[in-house]
Amino acid sequence: QVQLVESGGGLVQAGGSLRLSCAASGRTLITTDLLSWYRQASGKERELVARINRSGGAIYYVDSVKGRFTISVENAKNTVYLQMNSLKPEDTAIYYCNYAPTYRRVGDRGGYWGQGTQVTVSS
């Protein structure tokens, strides 16, 4: 089993910055395993915000955050970060960390989710 613990959310004014962290434990991750940030705003569907593999490659961003958000991974700590700059009120959501292993083990299902961290951007 893998545990994901997010931190770094909070309240910030528009134009400000936050850095989210997600630490994975319970398994040694391999190079191609995927670590992602999703978000879900009130009344809306959960969306993929950014994705990276453990080696720092295969980076993806949803169009709405390109140029503002940066995803990175610290291999030694199995930690993925999301640096969020130039925040906008529409970025307000609960942000969730996700781990998707390259090779699923019995019990993995589709992957693992953190509990979420609230990001609120005021205007």
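Overview of the structure. Nothing here was measured: the structure is a model prediction, and the numbers come from that model. Here the residue numbers are simple positions, counted from 1 along each chain's written sequence. Since the coordinates come from a predicted model, pLDDT governs what is reported: local features require at least 70, and pairs of side-chain atoms require 80 or more to be given and counted, while whole-chain, interface and lining totals use all residues. To obtain the side-chain values, all non-hydrogen atoms of the structure were used and water was disregarded.

1. Thoughts on the state of the cysteines
Only a pair of cysteine sulfur atoms within 2.5 Å qualifies as a disulfide here. Inspection of the entire model under this criterion finds one disulfide. Across the disulfide from Cys22 sits Cys97; the S-S distance is 2.1 Å. Measuring the twist about the S-S bond at about -85°, one finds the Cys22-Cys97 disulfide to be left-handed. With Cys22 in strand β3 (residues 18–25) and Cys97 in strand β9 (residues 93–100), this residue pair connects regions lying 75 residues apart in the sequence. With a relative accessible area of 1%, Cys22 lands in the buried category. Secondary structure elements are defined from DSSP: runs of H or I of at least 4 residues count as helices, runs of E of at least 2 residues count as strands, and each element is numbered from the N terminus. Think of it in three bands: with a 1.4 Å probe and only protein chains considered, a residue is buried below 20% of the maximum accessible area for its type, exposed above 50%, and partly exposed in between.

2. Regarding unusual backbone geometry
Leave glycine aside and you will find that most residues have negative phi; peptide bonds, for their part, are mostly trans. In this structure, Ala58 takes a positive phi of about 55° despite not being glycine. One can find Ala58 in the loop between β5 (47–53) and β6 (60–61). Not every positive phi belongs to a glycine, and Arg109 is a case in point at roughly 55°. Here Arg109 lies in the loop between β9 and β10 (112–113).

3. Describing the packing of aromatic side chains
Classification of ring pairs uses Phe, Tyr and Trp, with its six-membered ring standing for Trp, and accepts pairs whose centres are within 6.5 Å; under 30 degrees between planes counts as stacked, over 60 as edge-to-face, and the remaining range as tilted. Summed over all chains, the structure comprises three aromatic pairs. Ring geometry for Tyr96 against Trp113: centres 6.4 Å apart, planes inclined by 85°, an arrangement best described as edge-to-face. With Tyr96 in strand β9 and Trp113 in strand β10, this pair connects stretches of sequence that are 17 residues apart. Seen from their ring centres, Tyr99 and Tyr112 are 6.1 Å apart, and the 20° between their planes marks the pair as stacked. One end of the pair, Tyr99, is in strand β9; the other, Tyr112, is in strand β10, with 13 residues separating them in the sequence. For Tyr99, a relative accessible area of 0% puts it in the buried group. By way of ring pairs, the aromatic residues Tyr38, Tyr96 and Trp113 are connected into one cluster. Placement of a charge over a ring requires the Lys NZ or Arg CZ to be within 6 Å of the ring centre, with the centre-to-atom vector within 35 degrees of the ring normal. In this structure, Arg46 packs its charged tip against the face of Tyr96, placed 3.8 Å from the ring centre.

4. Some points on the sheet that holds strand β1 (residues 3–7)
We call two strands paired when DSSP finds no fewer than two bridges between them. Strand order in this open sheet of four strands is β1-β3-β8-β7, and the pairing throughout is antiparallel. For this open sheet the edge positions go to β1 and β7 (69–74), each flanked by a neighbour on one side alone. With strand direction ignored, the average angle separating the axes of adjacent strands in the sheet is 15°. Pairing of β7 with strand β8 (residues 79–84), which is carried by six bridges, proceeds in the antiparallel orientation. Within β8, the position partnered with Glu74 by the bridge is Thr79. Here, axes are lines fitted to C-alpha atoms. For helices the fit covers the stretch in contact, and angles between N-to-C directions go from 0 to 180 degrees.

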